[in-house]
Amino acid sequence: MPSLKDLKNRIVSVKNTRKITKAMQMVAAAKLRRAQESAEAARPYAERMNAVMSSLASAVGSTDGAPRLLAGTGSDKVHLLVVMTGERGLCGGFNANIAKLAKAKANELLAQGKTVKILTVGKKGRDALRRDLGQYYIDHIDLSDVKKLSYPVAQKIAQNILDRFAAGEYDVATIFFSTFESVISQVPTAKQVIPAQFDTDAASASAVYDYEPGDQEILTALLPRAVATAIFAALLENNASFNGAQMSAMDNATRNAGDMIDRLTIEFNRSRQAAITKELIEIISGAEAL
């Protein structure tokens, strides 16, 4: 049985841990509000961009002059998986769930005889995927110094992906991230960005426009921006999801620390009572012996 001093030290240690988890929960809650607002504000733009691009893509169709970013290379042999996770942990299963989805997709492609290449955004995803699929890992984009997510950050990632596509390094690119639904619900998501895929329902619901100089020229100019927009929306969703997951995880940790403190306090009081009772018995026994 632990001594009274050991129990007291454990209680103090758990109380200090509870202070840290409570502080992290409050910080995550403050960040979550801003991150959620940014993610929700970006959704209408992304949806409208999808509608316009879908309308243009349907107009161009699969003609010989269709841009490569839309038509693809004519093959799906080599797949690039762009896995976006957090730079930090202490967020429950947030990072692990995204990495798990990416691993499942990689294993599925490998079983089909495809070639897989992995590019990571976020230190936690890099650590997990290099450990299990290190032979397919090709690059990492470090965002640890980025204080605020912005469109230029997404453009940097998009340019890396586009340059690799132009160099013929892969045929299909898919991004992996987490879609924010609520504090307790973040959904790991996979979205193909090259060749570009758009919601055909959005195109049918949108108005009909005449473009100058032409549909194909405008589509060629907008496709790289559409890739960057998809990545930017994914980064914002990921950021909101991370803060929501961390807030939930730290809330659970704070509650668990409180329960542990209660159990240790009860054990401490029982041990102290037993020690006092033992001393009283020894005193009484000594007095009777005299």
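Look up a bit, the structure's there.
Residues numbered from 1 in each chain as written. Predicted model: local features only at pLDDT ≥ 70, side-chain atom pairs only at ≥ 80, totals over all residues. Heavy atoms only, no water.

## Concerning the pairing of strand S3 (residues 137–141)
Inference 1: Note that strand S2 (residues 115–121) and S3 share four bridges and pair parallel. The residue bridging Val121 from the neighbouring strand is Ile141, located in S3.
Inference 2: Running through helix H4 (residues 123–133), the crossover from S2 to the neighbouring parallel element S3 is right-handed. (Pairing = 2+ DSSP bridges. Helix = DSSP H or I, 4+ residues; strand = E, 2+ residues; numbered from the N terminus. Right-handed = clockwise from strand over helix to strand, strands pointing away.)

## What to know about the packing of aromatic side chains
Inference 1: Within the structure shown, the criterion is met by three aromatic pairs.
Inference 2: On the basis of an interplanar angle of 70° and a centroid distance of 5.8 Å, the ring pair of Phe94 and Phe242 is categorised as edge-to-face. With Phe94 in helix H3 (residues 94–111) and Phe242 in helix H7 (residues 215–289), this pair connects stretches of sequence that are 148 residues apart.
Inference 3: For Phe94, a relative accessible area of 4% gives the class buried.
Inference 4: For Phe242, a relative accessible area of 6% gives the class buried.
Inference 5: For the pair Phe165 and Tyr170, a centre-to-centre distance of 5.6 Å together with 50° between the ring planes defines the contact as tilted. This pair shows no difference in class: Phe165 is buried, exactly as Tyr170 is. (Phe/Tyr/Trp six-rings, centres within 6.5 Å; stacked < 30°, edge-to-face > 60°. Buried < 20%, exposed > 50% of the residue type's maximum accessible area, 1.4 Å probe, protein only.)

## Notes on the sheet that holds S2
Inference 1: The strand order across the open sheet built from five strands is S3-S2-S1-S4-S5, with neighbouring strands paired in mixed fashion. Lying at the two open borders of the sheet, with one neighbouring strand each, are S3 and strand S5 (185–194). Averaged over all neighbouring strand pairs, the angle between strand axes comes to 25°, with direction disregarded.
Inference 2: Sitting on the sheet, H3 touches strand S1 (78–84), S2, strand S4 (172–182) and S5, and the angle it makes with S1 is about 175°. (Axes fitted to C-alpha atoms, helices over the stretch in contact; angles between N-to-C directions. Contact = heavy atoms within 4.5 Å.)

## As for the nonpolar core
Inference 1: Residues Met84, Val121, Ile161, Ile194, Ile231 and Leu235 are the most contacted members of the largest nonpolar core, which totals 46 residues.
Inference 2: Taken together, the elements giving at least two residues each to this core come down to helix H1 (4–60), helix H2 (68–71), S1, S2, helix H5 (151–166), S4, S5 and H7.
Inference 3: Ranked by residues supplied to this core, first place goes to H7 with 13 residues.
Inference 4: Excluding anything up to four places from it in sequence, Ile161 contacts Leu80, Val82, Tyr170, Ala173, Ile194 and Ile231.
Inference 5: Residues Leu81, Ala106, Val116 and Ala245 belong to the second largest nonpolar core, which totals 15 residues. (Core = buried A, V, L, I, M, F, W, Y, C linked by side-chain atoms within 4.5 Å.)

## Some words on unusual backbone geometry
Inference 1: Residue Pro195 is bonded to the preceding Ile194 through a cis peptide linkage, with omega at -15°.
Inference 2: Mapped onto the fold, Pro195 is located in the loop between S5 and helix H6 (200–205).
Inference 3: Even without being a glycine, Leu90 presents a positive backbone phi close to 55°.
Inference 4: Within the secondary structure, Leu90 is located in the loop between S1 and H3.

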